[in-house]
Structures are given as C-alpha cells and as structure tokens.
Amino acid sequence: GQSLEQPSEVTAVEGAIVQINCTYQTSGFYGLSWYQQHDGGAPTFLSYNGLDGLEETGRFSSFLSRSDSYGYLLLQELQMKDSASYFCAVGNQGGKLIFGQGTELSVKP
Amino acid sequence: DSGVTQTPKHLITATGQRVTLRCSPRSGDLSVYWYQQSLDQGLQFLIQYYNGEERAKGNILERFSAQQFPDLHSELNLSSLELGDSALYFCASSPSGGITGELFFGEGSRLTVL
C-alpha cells in the first residue's frame, strides 16, 4: 500500500519562511509532487522531484531524499495569498498519483 | 484556467439515485484521473485512464464506474447514491501519463446527496 504523512496545519507570519514536510511509504516510487489548493478550488501543480535534491521555482523550493523517503516544500517571503492547503503526492511509473491529507497553511499579518 | 472542463459544476440529488459526471481533458492529454475530495479531506484517488484504457484503480466503490471514450473525454458514473458520497469530484489530465507528477485539474463537480 501507500501512505503519506504531512502536518495538518502550519501557521506563519507574512515575510517569513515555512517548511512543510512529507514522509511516504510506497512501492514503485517514481517521484514526489506538490500541489496548492485554495478553499476547495482546483489543485494546482507547484513542483516535482524525480531525483534527490532541491528544485527551486521562484519563492517555492522542494526537496527530496529517496533514501529517507522524505521531502519538503519550502515557501519563502510568505504572502497572505499563500494561505491555502498544500498536498504532497507520490507517483509511480504508471503515472498513478496518490495524495497526502494536506497541510493547511495560515499566513498571519 | 487549466484547460480541463468538468460538468456539471454543482449537482444536488437524492439517495438511491444515479448521476454521471463528465470531464474533457486538455487538448492532447491522453491521461485522465478522477479524485474524490470530501469536506476538509485529502484527494482520494479513484481511477486513472490512459488513451481509453484503465491504467490504475484506487479505492473506488463498486457502485462507481468510469470510462474514457475514443475522443478522450471521460465519465464517472455514481449509482445507488448515499449521503456519504457527497463530495467534490475532480478530474485531472496529464500530457505525460503522469510520470512527471504534473496533473492539470478541472474546477470539480460538487455533488450533494440529500
């Protein structure tokens, strides 16, 4: 089977840096993705790690360690609009994508 | 706008009924996925299709069925509906069969079962 663990809630202040961790157990692991979802809207893709290391996209970075079955999403220079739910998702070679339960990020002024 | 179209956006029906949700993927995307999201819950994987063939199945109930047609649009059929089936149902598509981890999601179909 597959399982993913991420914190249910994280709170941070505007301008700060926050890290959302994700640990996973799965067979046939191919890569780790991150998605953002605002208030029941459509989830939107943020980043993908197929190899170990850090991927940077603007204010967002994502990291993967295959040996530790662990990854994180790093959000810098937090803005109020970053308040949303963030999901990690593991993919296998067939393209199946399983999502975690999500982390609700609240950004305070 | 992701380019993935889902209809209807909202649907209210009664227990025991049957509904069909429709999804048109982005132009050129061969893979279609269906996910269920109940209130304040994660995205539960239901089923994945690739070019008309079922590729992977999640914890999809036997009362639910889906298919992908030759024109690549997909339908999710939910029958003998129960109160607990009330949820947001998302369709997503991928140009790469999902192997890059990037899915494009539609806006969802919100189903309310009374």
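Okay, so let's go over this structure. (Residues numbered from 1 in each chain as written. Chains lettered and ligands numbered in written order. Predicted model: local features only at pLDDT ≥ 70, side-chain atom pairs only at ≥ 80, totals over all residues. Heavy atoms only, no water.)

Structural notes on the overall build of chain A
Operational definition: A helix here means a DSSP run of H or I that spans at least four residues, while a strand means a run of E at least two residues long, and both kinds are numbered starting from the N terminus. For the radius of gyration, the atoms used are the C-alpha atoms, and the globule rule reads 2.2 Å times the number of residues raised to 0.38. For the exposure calls, accessible area comes from a 1.4 Å probe over protein chains only, and a residue counts as buried if that area is under 20% of its type's maximum, exposed if over 50%, partly exposed in between. When checking whether two residues touch, look at their non-hydrogen atoms; a contact exists if any pair is within 4.5 Å. Throughout, the Shrake-Rupley method with a 1.4 Å probe supplies accessible areas, and for residues the shown protein chains are the sole cover considered. Only four residue types enter the tally: Lys and Arg on the positive side, Asp and Glu on the negative side; His and the chain ends are excluded. Here the site of a charge means atom NZ of a Lys, CZ of an Arg, CG of an Asp or CD of a Glu.
The number of helices and strands found in chain A is zero helices and 11 strands. The linear arrangement of helices and strands in chain A, starting from the amino end, is β-β-β-β-β-β-β-β-β-β-β. Its C-alpha atoms give chain A a radius of gyration of 13 Å, within 12% of the compact-globule value 13 Å for 109 residues. For chain A, the spread of C-alpha atoms along the three principal axes comes to 40 × 30 × 20 Å. Looking at chain A as a whole, 49% of its 109 residues qualify as buried. Restricting to contacts in chain A with at least 6 residues of sequence separation, those with at least 24 account for 55%. Per element, the accessible surface of chain A, about 5100 Å² overall, is 45% carbon and sulfur. Charged side chains of chain A number 5 positive and 11 negative; the gap between the two group centres comes to 5 Å.

A closer look at the pattern of salt bridges
All names here are of chain B. Stated formally: Salt bridge, as used here, is a side-chain nitrogen of Lys or Arg placed within 4 Å of a carboxyl oxygen of Asp or Glu.
Evaluated as defined, the whole model comprises five salt bridges over all chains. Across the pair Arg22 and Glu75 runs a salt bridge whose closest N-O atoms are separated by 3.9 Å. Of this pair, Arg22 sits in strand E3 (residues 19–24) while Glu75 sits in strand E8 (residues 74–78); the two residues are 53 residues apart in sequence, bridging distant segments of the chain. With relative accessibility at 33%, the residue Arg22 sits in the partly exposed group. Residue classification places Glu75 among the buried residues on the basis of a relative accessible area of 18%.

Notes on the sheet that holds strand E1 (residues 3–5) of chain A
Residue and element names in this part refer to chain A. Defined as follows: In this scheme, strands are said to pair when DSSP sees at least two bridges between them. Axis definition: a line fitted to C-alpha atoms, over the contacting stretch in the case of helices. Angles run 0 to 180 degrees between N-to-C directions.
An order of E1-E3-E8-E7-E6 is seen for the five strands of this open sheet, with the pairing classed as antiparallel. One side of each edge strand has no neighbouring strand; the edge strands of this open sheet are E1 and strand E6 (53–57). Across the sheet, the mean angle separating the axes of adjacent strands is 15 degrees when strand polarity is ignored. Note that strand E7 (residues 60–65) and strand E8 (residues 70–75) share six bridges and pair antiparallel. Among the inter-strand pairings, Phe60 is bridged to a residue of E8, identified as Leu75.

Observations regarding the interface of chain A and chain B
Condition: The term buried area refers to how much accessible surface (probe radius 1.4 Å) is lost by two components on association, counted for both of them together. Identification of polar contacts relies on pairs of N or O atoms within 3.5 Å, with a donor-acceptor requirement for protein atoms, meaning one able to donate a hydrogen and the other able to accept it, and with residues adjacent in sequence counted only if both atoms are side-chain atoms. Each residue gets one of three labels, nonpolar for Ala, Val, Leu, Ile, Met, Phe, Trp, Tyr, Cys and Pro, charged for Asp, Glu, Lys and Arg, and polar for the others, Gly among them.
Listed by partner, the interface residues are 20 residues for chain A and 24 residues for chain B. Between chain A and chain B, roughly 1700 Å² of surface is buried when both sides are summed, and carbon and sulfur atoms account for 56% of that area. At the junction of chain A with chain B, the criterion picks out zero salt bridges. The interface formed by chain A and chain B includes eight residue pairs in polar contact (both at pLDDT 80 or more). Residue assignment for the side of chain A that touches chain B shows that the elements contributing at least two residues are strand E4 (29–37), strand E5 (44–49) and strand E10 (97–99) of chain A. Looking at which element gives the most residues to the side of chain A that touches chain B, the answer is E4 of chain A, with four residues. When grouped by side-chain class, the residues that make up the side of chain A that touches chain B number 10 nonpolar, nine polar and one charged.

A short note on a negative patch on the surface
What counts here: Candidates for patches are residues over 30% relative accessible area with no salt bridge; among them, like charges are joined within 9 Å and nonpolar side chains (Val, Leu, Ile, Met, Phe, Trp, Tyr) within 5 Å.
Taken together, Glu9, Asp39 and Glu104 of chain A together with Asp40 of chain B make up a surface patch of like negative charges. Along the chain, Asp39 of chain A falls in the loop between E4 and E5.

Section: the environment of Gln48 of chain B
Topologically, Gln48 of chain B is positioned in strand E5 (residues 44–50). Using a relative accessible area of 0% as the deciding quantity, one classes Gln48 of chain B as buried. In this structure, the C-alpha to C-alpha distance between Gln48 of chain B and Ser27 of chain B, residues 21 residues apart in sequence, is 17 Å. Not counting residues within four places of it along the chain, the set of residues in contact with Gln48 of chain B comprises Gly94, Gly95 and Lys96 of chain A together with Ser31, Val32, Tyr33, Glu53, Glu54, Arg55, Ala56 and Gly97 of chain B.

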